[in-house]
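Coordinate analysis (summary)
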Amino acid sequence: SNLESLLDFFSDIKPSENAERILRDRYLLKDGEGKYLEHSWDDIARRVSRYIASAEILYNDDIEKIRDVEEKFYKLLKSRVFLPNSPTLFNSGKTLSRDVFQKNREDMSLEDYKKIFNSRNRHNMLSACFVVPLEDSMEGIFDAVKDAALIQKYGGGVGYDFSVLRPKESSIAGTGGKSSGPISFMHVFNTTASTIEQGGARRGAQMAVMRYDHPDVIDFINSKKNNDGKSVLNYFNISVNFDNPEEFLKKLENDEEIELTHPNSNIKRTIKAKELFDLIANNAWKSGDPGMLFLGRHNKYYALSDVTPVSATNPCGEEPLPPYGSCNLGSIDIAKVIDFVELGNPEGENNDLFKELIYWTARFLDDVIDINVYPLEKIDRVSKEQRFIGLGIMGLADAMYKKDLPYNSEEGRMFMAETLAQFAYYSHLASSELAKERGNFPLFEKSKYKNGFIPFSMLNDDYSENIRQWNNLIKEHFFGEGKKYKRNVQVNTVAPTGSISNLADTSSGIEPNFMLAYIRYMTDKEGNRVPLPYMNKILRDKLDGDLNSELEAEIIEKGSLQNIEGIPEEIKKVFVTSMDISGMDHLLAQNVIQSYLDASCSKTINLPKEATVDDIKEIYKKAMELNLKGITIYRDGSLETQVLTKAKKE
Ligand code: GDP
Ligand code: 5AD
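So, the overall build of the protein chain
- Across its full length, the protein chain holds 25 helices and 17 strands.
- A principal-axis box enclosing the C-alpha atoms of the protein chain has dimensions of 70 × 65 × 60 Å.
- The 650 residues of the protein chain split such that 60% are buried.
- Element-wise, carbon and sulfur atoms account for 47% of the exposed surface of the protein chain, whose accessible area totals about 25800 Å².
- Between the mean site of the 83 positive side-chain charges and the mean site of the 100 negative ones, the protein chain shows a separation of 4 Å.

Some remarks on the site of ligand 1
- Around ligand 1, the surrounding shell holds 21 residues, and the nearest of these are S86, R202, R203, N314 and T497.
- Take A128: an N or O atom from its main chain is 2.9 Å from an oxygen atom of ligand 1.
- At a separation of 2.9 Å, an oxygen atom of ligand 1 approaches a polar backbone atom of I500.
- Burial of ligand 1 by the protein amounts to 90% of the accessible area it has alone, namely 570 Å².
- When grouped by side-chain class, the residues that make up the shell around ligand 1 number 8 nonpolar, 10 polar and 3 charged.
- Each of domain 1 (3–123 + 318–483) and domain 2 (129–313) contributes no fewer than three residues to the shell around ligand 1.

Focus: the site of ligand 2
- Close to ligand 2 lie M207, N237, I238, S239, G291, C316, G317, S602, K603, T604 and T632, which account for all nearby residues.
- Within the side chain of N237, an N or O atom sits 3.5 Å from a nitrogen atom of ligand 2.
- Measuring from an oxygen atom of ligand 2, one finds a backbone N or O atom of K603 at 3.4 Å.
- Broken down by class, the residue content of the shell around ligand 2 amounts to 3 nonpolar, 7 polar and 1 charged.

Brief notes about the confidence of the model for the protein chain
- Of all residues in the protein chain, 97% have pLDDT values of 70 or greater, and the mean over the chain is 94.
- Taken together, the stretch residues 642–650 has pLDDT below 50 and engages in 17 contacts with residues farther than four places along the chain or on a different chain.

Regarding the packing of helix α18 (residues 410–438) against helix α19 (residues 465–478)
- Packing of α18 against α19 brings their axes to within 10 Å, and their N-to-C directions diverge by 20°. Relative to α19, α18 is oriented roughly parallel. The two elements α18 and α19 cross, and the hand of that crossing is left-handed. For the pair α18 and α19, contact is made by A417, E418, A421, Q422, Y425, Y426, H428, L429 and S432 and by N466, I467, W470, L473, I474, H477 and F478, respectively.
- The class makeup of the residues in the contact of α18 with α19 is 10 nonpolar, 5 polar and 1 charged.

With respect to the pairing of strand β3 (residues 157–161)
- The element β3 is extensively covered by neighbouring structure, given that 5 of its 5 residues are classed as buried.
- Pairing between β3 and strand β4 (residues 206–211): 4 bridges, direction parallel. Residue G159 lies in a different strand from β4, and its bridge partner there is M207.

Topic: the pattern of salt bridges
- Evaluated as defined, the whole model comprises 45 salt bridges.
- Residues D112 and K103 are paired through a salt bridge, measuring 2.7 Å at the closest nitrogen-oxygen approach.
- What makes K103 partly exposed here is its relative accessible area of 35%.
- Across the pair D136 and R166 runs a salt bridge whose closest N-O atoms are separated by 2.8 Å. Pair noted here: D136 is in the loop between β2 (129–131) and α8 (138–153) and R166 is in the loop between β3 and α9 (182–195), with a separation of 30 residues, a long-range link. Here D136 matches R166 in class, with each residue buried.

Observations regarding the side chain of N372
- Along the polypeptide, N372 turns up in the loop between α15 (351–371) and α16 (377–386).
- When its relative accessible area of 2% is taken as the criterion, N372 is described as buried.
- In this structure the side chain of N372 is engaged in a polar contact, spanning 2.8 Å, whose partner is the backbone nitrogen of L126.
- If we ignore the near neighbours within four places in the chain, the residues touching N372 are R120, N124, M125, L126 and S127.

The rules we used
- Residues numbered from 1 in each chain as written.
- Chains lettered and ligands numbered in written order.
- Predicted model: local features only at pLDDT ≥ 70, side-chain atom pairs only at ≥ 80, totals over all residues.
- Heavy atoms only, no water.
- Helix = DSSP H or I, 4+ residues; strand = E, 2+ residues; numbered from the N terminus.
- Buried < 20%, exposed > 50% of the residue type's maximum accessible area, 1.4 Å probe, protein only.
- Areas by Shrake-Rupley, 256 points an atom, 1.4 Å probe, with all protein chains shown as cover.
- Lys, Arg positive; Asp, Glu negative; His and termini not counted.
- Charge placed at Lys NZ, Arg CZ, Asp CG, Glu CD.
- Near = heavy atom within 4 Å.
- Polar contact = N/O pair within 3.5 Å; in protein donor to acceptor, adjacent residues only side chain to side chain.
- Nonpolar A, V, L, I, M, F, W, Y, C, P; charged D, E, K, R; others polar.
- Domains from an automatic or database assignment.
- pLDDT = per-residue confidence, 0-100.
- Contact = heavy atoms within 4.5 Å.
- Axes fitted to C-alpha atoms, helices over the stretch in contact; angles between N-to-C directions.
- Parallel < 35°, antiparallel > 145°, perpendicular 65-115°, else oblique.
- Left-handed = near helix turned anticlockwise from the far one by under 90°.
- Pairing = 2+ DSSP bridges.
- Salt bridge = Lys/Arg side-chain N within 4 Å of Asp/Glu carboxyl O.

Below you can see the structure in the form of structure tokens.
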């Protein structure tokens, strides 16, 4: 079996009605009057693959080769085995002359590809993740407001470190006035985000980070206290940063105080470590915010932390970046791949196929960097000096259903660990391969890679025989050819894939399924509301003959199998949802997965409504004890508006 046969196999499977609806609503290109310029997934796959492949002119003047690359990219997309982040789908080739996208591939000339590449413009912004620095001055702050507005206008998410701003009531030299403080400025950013209608397709999305020892940290922790999901600072996720969580744990244990200070202010406060921690946990219990972020750990695994340390993450936490950094993401649906590849086994059959798949997806994302039109000159520079890409996976939960592996079990976690180790290894091989063909990222000589550096923590060798073998291969790579060749400073990121997993008809990112079945209401042409029942297709196949309309209704009603009589135990064990498993099982999954990611992953620790503040403290402590890079929880029902709620009974 080879890559072509895998891609051809899935190209023949049509997108579901749900995926088609999302395509129509948000992805098919329209003209200024709202008339569709595109009509199907195939149209998008052609546009995006041709647009991205035109970046190959920078490295290649053999027209046959460029056409072949386009064909490869086309099949990756058409099969929905790989999807780039939404901005790449929205904005590739947007506003460019349509003629060149309608040609047959065999008729494409080198001039045609050059024409595409050279007519790109500011509408063709392709990345999902940005970090914009703040400066402790009016000019600095409002420059950042403008920068962030431009990024969000084209569908990117932005993170900021608000610690930089002096606390409220600090004196301002020159005006004799007092600073209104970081939280007041967060409201400015929030309002800006809410004002931007992002081409109708995307809202604003931001992350605010603040150090745990900033004098206004208490206000920060309380800043979303009265949020019901759509009211206060609702275009922000917030996280408290602890550069050194081990030290904080000690202060907690010894009941010590923390000094809250800021370099540009005389204001000094103290708070007991315990009080600070209580406040964080209480608020998280109430509304999910704040999360905890450990930027010191992010920097430890970032090869340029001595040059440009990361200062925040994008809104969903998966991508740490330095000031003016950006990252474009793409995700491989491993629930599809697993039909062809064993996954996780160093001697597995068809591993070469997976390796090749990862090479081509990494090449796609590397091309995106070159053809991308960045909203700011400074972002262009940092992005090209370091060349961040975020190659990740989606469909983990569905892949595990297929293999009868419970998400909340030792064997399940072993599968996650071994698959991610394989994924990290192949991705870094691909980045080194690309470096041989195209050169290292420009700051390579200043990076830790050149002295031999592994950009993730790895699990212990004795975790499993497969892990021992992957670890050896990984070490061999980073102390061998990895010291000479690396195209991208960071390579692997697992995104939430909130939209694109729907396009791919697969489970999102590394999360368990939220529901196994539900009813979605659609409005038909006559304006009637039509119920569209949905059931996870792997479960449907598994239940097969046992599935009748009564059982289907019960699964929809309950959203889970756990309390349904007559379903065999083996099926119940495997087909778990995010609410069926404990917070600790969520966390342990995050732990093994994060051990093989140089950037990070988006993960929500879902907790039942009855979870207590102490439960949350236990989870946050465990995240500090294990080497996690951040943690965020959500207690069921704690917000009125929740992104995903169980299907309403109507
Ligand atoms: P998808 O590509 O649309 O499926 O996006 P993901 O759910 O995987 O999110 C990846 C990243 O894109 C997030 O971490 C954010 O940085 C950004 N992002 C996601 N959703 C939004 C949105 O609604 N608005 C904006 N501005 N950015 C978003
Ligand atoms: N830190 C990291 N991720 C967060 N999310 C929400 N708040 C935070 C935070 N403070 C993420 C969730 C989910 C997405 C909807 O947003 O984990 O992936």
